[in-house]
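Given next are the chains, with one letter for each unit.
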Amino acid sequence: MSTALDYVEQDVDVSRDIESLLSRLPSHDMVIGMLRYGAHLPHLCELALPMNLVLSHIVPFMNRAAFADKKIVILDDTIYRGSEMQRIMQDLTDRMGVTLAQLYRAVAIVNSRSKYLPDNDAPRLKDADYIVWKESLASLVRGGLRPTERDYPLYYFETADLSLGRMLSHLHRFGALHPASADLAGKAFRATLTLSSDLLGDVRDLPGLDVEDVCKIRFHFYRTCENGPLRMVVIPMAFSRLTIDHFLESGSGEVLAANLGLRSAFYRDVYTSDSAEPRAFLYYMVSRSLGAVALNSFLTRLSARFGTATLVSLPSEKIDGNVRYVFPPLYTEFYEHVREALPLVSGGEQLDLVDSLNWRPRDGGVQRELKRDPIIPESYQITEFVCAKTKPAKWERKEWVPNSELGQGVAHRELLAYFRNPLFVSAALDDLIDSGLLRAQDCAMDAASNVWERMLFPGGEFKAQEIHTVADAWGVETGVSDDVVREELLELWGPF
Amino acid sequence: MNSGARSREYALGREIRSAFFLGKAGWTAQFRGGHATISQYRLYKLLANLLWDWHWLSKSYSNAYDFHGAGDLVWVPHLFGGLCMGQPTLYEAGAADFKLQDGLYASLSQLGQCKMYSLYGFKTMRAADGKFSLSFIDPGYQLERRARVEDQERHYWTKLLDVYCQLTVDELNSMATCRTPGATLLSVRAQLVRWHKNTTKALNAFATGRAAEIDVGLYFRSARECADQFHEKLRIWDHIGEPRQHVADLAAKTELAGRVPMLLDLPQYRFAGDRVEALRRHEPVIAALQSVFSQIEALWLKKGVDSEALEERLGLLSGRDLVEKRLCDASVWMALALGTRTRELARLCQDLIDACVNAVASESGVTIPRQSDFYNAVASSEYPLPRDHFKPGF
């Protein structure tokens, strides 16, 4: 049955625009894929062009030598006003010693009001068309295999013995499972398992680390062909605040390394590496290591339930095709080591473990009563809390513009403390981050960059206006009573 | 179809846009009226008219009126004529008691309970003495700028409001309901669909012995109203020339001169005028059926059957040769009525109504389906306004 929605977007062909962009790139040694959507473009193009891809968040973790004498394409989906592109250009030229001559900025489309232009001849779209294009792209990305946010390591698995339903029934036993996106279209079925951080064991209490009560593991299930094996993209996430000096001085780095089977000096080497931002690099590696600990612990328990089924870890190259990701050597060392050490689930192993562990997150006391609206999803309530701390858009002369001075953002722990409902927060954040209304990034919390945490911010570009409006809406009291609604409905439609 | 159309943020954009359109209309009409409130009926009619021109202006003059759609606002043929309702795409059953009618439509009061609509000006709705009054506030320029509505759209929505705010309620109703043959056909069909539903509900209650358990009085009243409205819509259609001309005269003083009101129909409604006339020929049939049906009500109210009227109506129906004679046999009816054999009488009445409705539908070339099927079709394949021409998105 066609609906009012069916007429839209006839002329928007994001795939064609991406193909046009990528097929016309000049010769290059390296492509920097801008988060969030620029990094996805190579995987959305059917041409499967080979490239060496550096995710933009990894750039500060590299050293100058990685970029020396290289022809570099900076790839993004769009330019709105150019702030992100300018920022990466500045990072590369000021801190990585890259010359302008080495750089080529390529985007698929440009907002018509942007004064900043790329190097390629990208079509310029007015606001409304820009939004439509962007939303189409966002939907394509959400339908893909990889999460929208690309700054977490992805672990790939495959099983020929388990159906999706069977796998979900296993997962259900460990924690709270919810769909990870409101979008039902797409190749992959996405679900998130929200768990108590008890899963991390002793690592949770390491000095210098303040680990939150909740962690999560996200799963994207898909099959490469009908009746083919079930594949999973697994993204483990643990939330923590890191105090770098204390972490290193207390030996916590060695303990964490030992837990994962890494060299004892691994984290110290990260900190003393010649990367442009060693502190940011250290927080990144520590926080993603906690995710790896969680995944390790989880898989160990999961295997006890599998019976004769087999779960095999896949190398990322098998999934990435012609796209070769470039990471700093220390990251590669971490990833490969963790991946190879993951407890593979194979038939017949019956581990002597208590499988009655239930890692459902504990509620944080009496849950805050959630506001209700008939139409706006409950999850959007978080926007009110976030925007109370940081105004996403500001009025400039005659229009709203994204607020570039967003301040510190909101920590995950603040949301947990406010709502006291970890499952609600987990599901809502999945939804809001996926839809672009919120974004997350690792941030230094103090001037000395000694304390780091992952923070949430309102979305940028036109999302800034939208989240501002949604947040304002939650604060509004409506003045139509249920009695009036009942009376009007009776008048209009009779008894039903 | 591009899956982006169904994404959450797309739906959110439409929601914000719809809230703007509704709030702007409510505030403008209230302000122009010089009162602190506006009647619910007036706003329904006003928006219904705006929608019609919005769709057709952009279809017919795409260079001049390069619009996106009307968000979640849709034109609906209703018991009370053409109305504007909401078809919220962001709806996720967030509130347990928020039900879309026929799974499709939200009323103004329901939209008024939604925060986005409140943000854009919809403040209160009150009921007093059977009348509903709404109160809006001006959302303000800054908020309007966040509404995903382009400048030129804001401009023309306001221009349309300028024209239609000057109409009387009756004129608004006429234009919202019967401005074109297509609109008239749907409006008239809606009455028959609803009338058939209400008669069926009431008769089923009697036939199954459940009349004491439900409020059958409501179905009797609703059916009576539907029958009255069926005749009323045909009267409006007969005199549509005057309100059309008034709108044209008002628009002549604006940049919409010569274009508003838009009086076009989609190609699928090119025979709508003929079908309306075909239904008109069966107007006496519907009146007769309603009269027969009301005898059941009289029995239920213990007022006794009006034998003479019953016989006359049955005779009329019999004379039409639409249905089997046995269904119109007055002696059978009298026997059942006098013997207060209500169940059997209800079944006979149901058979008569069903047979007549089918015959009318067949002869007129229209369908008179179940209410939910009717509105599902109206919301999709039978929607009378063009939608495939709008700029993508929203």
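(A) Layout of the overall build of chain A. The helix and strand tally for chain A stands at 16 helices and 18 strands. For chain A, the C-alpha radius of gyration of 23 Å lies close to 23 Å, the compact-globule estimate for 496 residues. Per-residue burial over chain A gives 59% buried out of 496 residues. Taking the contacts inside chain A whose residues are at least 6 apart along the sequence as the reference set, 72% of them involve residues at least 24 apart.

(B) Region of interest: the interface of chain B and chain A. Counting from both sides, the interface comprises 83 residues of chain B and, opposite them, 66 residues of chain A. For the pairing of chain B and chain A, the buried interface totals around 6600 Å² over both sides, and the portion due to carbon and sulfur atoms is 59%. Our enumeration of links across chain B and chain A arrives at four salt bridges. Here Arg145 of chain B ties to Glu399 of chain A by a salt bridge, and the two come within 4.0 Å at their closest N and O atoms. Linking chain B with chain A are 18 residue pairs in polar contact (both at pLDDT 80 or more). Considering each element in turn, the side of chain B that touches chain A owes the most residues, eight residues, to helix α1 (residues 8-33) of chain B. Residues of the side of chain B that touches chain A, tallied by class, amount to 36 nonpolar, 27 polar and 20 charged. Sheet analysis places strand β18 (residues 479-480) of chain A next to strand β4 (residues 122-128) of chain B, joined by two bridges and oriented parallel. Its bridge partner lying in β4 of chain B, Gly479 of chain A is registered against Thr124 of chain B.

(C) Here's a closer look at the pattern of salt bridges. Scanning the entire structure with this criterion turns up 61 salt bridges over all chains. Here Arg341 of chain B ties to Glu344 of chain B by a salt bridge, and the two come within 2.8 Å at their closest N and O atoms. Linked through salt bridges whose partners overlap, the residues forming this network are Arg113, Asp127 and Glu399 of chain A together with Arg145, Asp151 and Arg154 of chain B.

(D) Region of the structure containing the pairing of strand β14 (residues 399-402) of chain A. Residues and elements named next belong to chain A. Pairing between strand β13 (residues 393-396) and β14: four bridges, direction antiparallel. Each bridged residue has a counterpart across the sheet, and for Lys394 the counterpart in β14 is Val401. Remark: two residues form the turn of the hairpin made by β13 and β14, two consecutive strands paired antiparallel; Arg397 in that turn has positive phi of roughly 65°.

(E) Structural detail: the sheet that holds strand β1 (residues 30-33) of chain A. Residue and element names in this part refer to chain A. Strand order in the open sheet formed by six strands is β5-β4-β3-β1-β2-β12, and the pairing between neighbours is parallel. With partners counted over all chains shown, the strands left at the sheet margins are β5 (124-125) and β12 (323-325), one partner each. Packing against the sheet, helix α4 (residues 127-142) makes contact with β3 (72-79), β4 (103-111) and β5, and its axis sits at approximately 115° to β3.

(F) The packing of helix α7 (residues 169-178) of chain B against helix α10 (residues 241-251) of chain B, seen in detail. Residue and element names in this part refer to chain B. Close contact between α7 and α10 brings their axes to 9 Å; oriented N to C, the two are set at 105°. Between α7 and α10, the interaxial angle falls into the category roughly perpendicular. Residues Glu171, Ser174 and Met175 of α7 lie in contact with α10, whose contacting residues are Pro243, Arg244, His246 and Val247. Residues of the contact of α7 with α10, tallied by class, amount to three nonpolar, two polar and two charged.

(G) Region of the structure containing the environment of Met232 of chain A. All names here are of chain A. Mapped onto the elements of the fold, Met232 is located in strand β10 (residues 230-243). With 14 residues separating them along the chain, Met232 and Arg218 place their C-alpha atoms 9.6 Å apart. Among all residues touching Met232, those that are not within four sequence positions of it are Tyr155, Tyr156, Phe157, Met167, Phe219, His220, Phe221 and Leu311.

Quick notes on the rules
Residues numbered from 1 in each chain as written. Chains lettered and ligands numbered in written order. Predicted model: local features only at pLDDT ≥ 70, side-chain atom pairs only at ≥ 80, totals over all residues. Heavy atoms only, no water. Helix = DSSP H or I, 4+ residues; strand = E, 2+ residues; numbered from the N terminus. Rg over C-alpha atoms; globule rule 2.2 N^0.38 Å. Buried < 20%, exposed > 50% of the residue type's maximum accessible area, 1.4 Å probe, protein only. Contact = heavy atoms within 4.5 Å. Buried area = accessible area lost by both parts, 1.4 Å probe. Salt bridge = Lys/Arg side-chain N within 4 Å of Asp/Glu carboxyl O. Polar contact = N/O pair within 3.5 Å; in protein donor to acceptor, adjacent residues only side chain to side chain. Nonpolar A, V, L, I, M, F, W, Y, C, P; charged D, E, K, R; others polar. Pairing = 2+ DSSP bridges. Axes fitted to C-alpha atoms, helices over the stretch in contact; angles between N-to-C directions. Parallel < 35°, antiparallel > 145°, perpendicular 65-115°, else oblique.

Taken by themselves, the reported measurements are silent on function.
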